[in-house]
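If you want the building blocks of each chain, they are given just below.
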Amino acid sequence: MVAAAPGTYSDDNGGGSMEFWPEFLATSGGREFVAGGVGGMAGVLAGHPLDTLRIRLQQPPPPPAAGLAHAPRRRDTTAQPSAARLLRGILRAEGPSALYRGMAAPLASVAFQNAMVFQVYAILSRSLDPESSATSEPPSYASVALAGVSTGALQTLILSPVELVKIRLQLEAAGHKHGRHRRGPVEMARDILRREGLRGVYRGLAVTALRDAPAHGVYFLTYERARERLHPGCRRQGADGDGDEGLGTMLVSGGLAGVASWVCCYPLDVVKSRLQAQGAGSVPRYRGVVDCFRRSVREEGLPVLWRGLGTAVARAFVVNGAIFSAYELALRFLASGSGPRLVMEEN
């Protein structure tokens, strides 16, 4: 669905903004942009506590004391708590609010980011399959996958700095930063820019792109295949068609898409989290993506690349079920102009 250019609007007496939004929402691109933002915010609210657990589970154990620096390192599998044990410890020591540390950073930007992701994906999926635009057929699955890969690579320019700030805030409460003063996302971003420069702001950009490009291809392909499998013909229905899928199809298809995209890229996410957790205040533990991968496996074993996967999968199902449900319902609401027609399926 290629976005049409919004119409011009007048400048007298502030009437421009009043005329802009109806014209913007009258285009398919405008509706996809707004619906994508609604879906992104729903996903952050639904999954941030589990994301905090994932980030803490992915971090390496503290380095040995100075006197033990040259002693042979043993793989201690008991030092890393389980997700349930870590959750109890956070609630007991820091309170429930610690699970929402760093949420302001993604919540403030995820509406725009997710809006761009869904709009760019819709444009690319149609552009890569000209026959679908000419015949009003849904894009082919190959076009869906290629559009997802391209969208994932482009959105890392926005996502990488946001995730950097979020990870630093999430780890600050866990003792990975010195000082008792707890900062907000704006203060944290300014501190990173002042101490590490623009290069520090985009720390982990390469590994984020390596993670997100293929993951988004799997993400959108799994969603389209799952919704078509659960509700045959729904991809060919219009916003007001009788074949619209119900809430159950949206939740399950979105959840499966999130799980599939996380499983295929999870080792890279572990490496990314460890690289972005490094600050400029101390000597970096890892020199790059390859060094982080090698040292993590050598010191903690191959299972370290999948540490926290259970929490990530649970979060992915909840978050992406919420994202796609909110997106589809908002899109249906904007297209109909009166409200969505929600179908509750027995299955």
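Placed above this text is the structure.
What counts, and where the lines are drawn
- Residues numbered from 1 in each chain as written.
- Predicted model: local features only at pLDDT ≥ 70, side-chain atom pairs only at ≥ 80, totals over all residues.
- Heavy atoms only, no water.
- Helix = DSSP H or I, 4+ residues; strand = E, 2+ residues; numbered from the N terminus.
- Buried < 20%, exposed > 50% of the residue type's maximum accessible area, 1.4 Å probe, protein only.
- Contact = heavy atoms within 4.5 Å.
- Areas by Shrake-Rupley, 256 points an atom, 1.4 Å probe, with all protein chains shown as cover.
- Phe/Tyr/Trp six-rings, centres within 6.5 Å; stacked < 30°, edge-to-face > 60°.
- Lys NZ or Arg CZ within 6 Å of the ring centre and 35° of its normal.
- Axes fitted to C-alpha atoms, helices over the stretch in contact; angles between N-to-C directions.
- Left-handed = near helix turned anticlockwise from the far one by under 90°.
- Core = buried A, V, L, I, M, F, W, Y, C linked by side-chain atoms within 4.5 Å.
- Expected span 1.5 Å × (residues − 1).
- Arc of directions from axis to C-beta.
- Salt bridge = Lys/Arg side-chain N within 4 Å of Asp/Glu carboxyl O.

J.: Looking at this structure, how should I read the overall build of the chain?
T.: Per the secondary structure count, the chain includes 11 helices and zero strands. Starting at the N terminus and walking to the C terminus, you meet the elements of the chain as α-α-α-α-α-α-α-α-α-α-α. Here the chain holds 347 residues, and the buried ones make up 47% of them. Contacts in the chain between residues far apart in sequence, at least 24 positions, make up 75% of those at least 6 positions apart. Working note: accessible area of the chain is about 17300 Å², and carbon and sulfur atoms make up 62% of it.

J.: Just to check I follow, could you spell out the packing of aromatic side chains for this structure?
T.: Aromatic ring pairs are defined here through the distance separating the ring centres and the angle between the ring planes. In the structure shown here, the tally under the stated rule is 11 aromatic pairs. On the basis of an interplanar angle of 15° and a centroid distance of 6.5 Å, the ring pair of Tyr266 and Trp306 is categorised as stacked. With Tyr266 in helix H9 (residues 247-277) and Trp306 in the loop between helix H10 (289-300) and helix H11 (309-336), this residue pair connects regions lying 40 residues apart in the sequence. Classification of Tyr266 as buried rests on a relative accessible area of 0%. Given a relative accessible area of 38%, Trp306 falls into the partly exposed group. Taken together, the aromatic side chains of Phe118, Tyr121, Tyr219, Phe220, Tyr223, Phe324 and Tyr327 make up a single cluster linked through ring pairs. Directly above the aromatic system of Tyr141 lies the positively charged group of Arg225, at a separation of 4.2 Å from the ring centroid.

J.: Could you clarify how one ought to interpret the side chain of Ser325 in this entry?
T.: Here Ser325 is to be found in helix H11. Those residues in contact with Ser325 that lie beyond four places of it in its chain are Leu247, Met250 and Leu251.

J.: What's the story with the packing of helix H2 (residues 28-58) against H9 in this structure? I'm lost.
T.: Between two packed helices, both the angle of their axes relative to each other and the distance between the axes serve to describe the pair. Where H2 contacts H9, the two axes come as close as 9 Å, and the packing angle between them is 65°. The crossing of H2 and H9 is right-handed. Each of Arg54, Ile55 and Gln58 in H2 lies in contact with H9, whose residues at this interface are Trp262, Tyr266, Asp269, Val270, Ser273 and Arg274.

J.: What's the story with the environment of Ala213 in this structure? I'm lost.
T.: Along the chain, Ala213 falls in helix H8 (residues 205-230). You can call Ala213 buried: its relative accessible area is 12%. Residues in contact with Ala213, not counting those within four places in the same chain, are Gly148, Val149, Gly152 and Ala153.

J.: Where do I start with the nonpolar core in this structure?
T.: Note that soluble globular proteins tend to have their nonpolar side chains buried in a common cluster. Residues Phe118, Tyr219, Phe220 and Phe324 are the most contacted members of the largest nonpolar core, which totals 16 residues. Every element with two or more residues in this core is listed here: helix H4 (104-127), helix H6 (141-176), H8 and H11. Per element, the largest residue contribution to this core is six residues, and it comes from H11. The next biggest cluster of nonpolar side chains, apart from the first, holds seven residues, and it includes Ala215, Cys265, Tyr266 and Ala316.

J.: I would appreciate a short explanation of H10 in the present structure.
T.: Side chains of residues three or four places apart in an α-helix project in the same direction, reflecting 3.6 residues per turn. Given a rise of 1.5 Å per residue, 12 residues ought to cover 16 Å, and the 16 Å separating the end C-alpha atoms of H10 matches this to within 8%. Buried within H10 are the following residues: Asp291, Cys292, Ser296, Glu299 and Glu300. Within H10, the buried residues cover an arc of 120° as seen down the axis, which keeps them to one side. Exposed residues lying more than 90 degrees from the buried face of H10 are Val290, Arg294 and Arg298. Elements that come into contact with the buried residues of H10 comprise H9. Gly301 sits one or two residues past H10 and shows a positive phi near 90°.

J.: What exactly am I supposed to notice about the environment of Pro106 here?
T.: Along the polypeptide, Pro106 turns up in helix H4. Considered as a pair, Pro106 and Leu159 are 53 residues apart in the sequence and their alpha carbons are 8.6 Å apart. Pro106 has contacts with Val44, His48, Val162 and Lys166, leaving out every residue within four places of it along the chain.

J.: Could you clarify how one ought to interpret the pattern of salt bridges in this entry?
T.: Charged atoms that come close allow side chains of opposite charge to pair. Throughout the structure, instances matching the rule amount to 21 salt bridges. Across the salt bridge formed by Lys166 and Asp51, the nearest N and O atoms sit 2.7 Å from each other. Of the two residues, Lys166 is situated in helix H6 and Asp51 in helix H2; the sequence distance between them amounts to 115 residues. The exposure class of Asp51 is buried, given its relative accessible area of 2%. Via salt bridges that share partners, Asp51, Arg54, Glu163, Lys166, Arg211, Asp212, Asp269, Lys272 and Arg315 belong to a single interconnected network.

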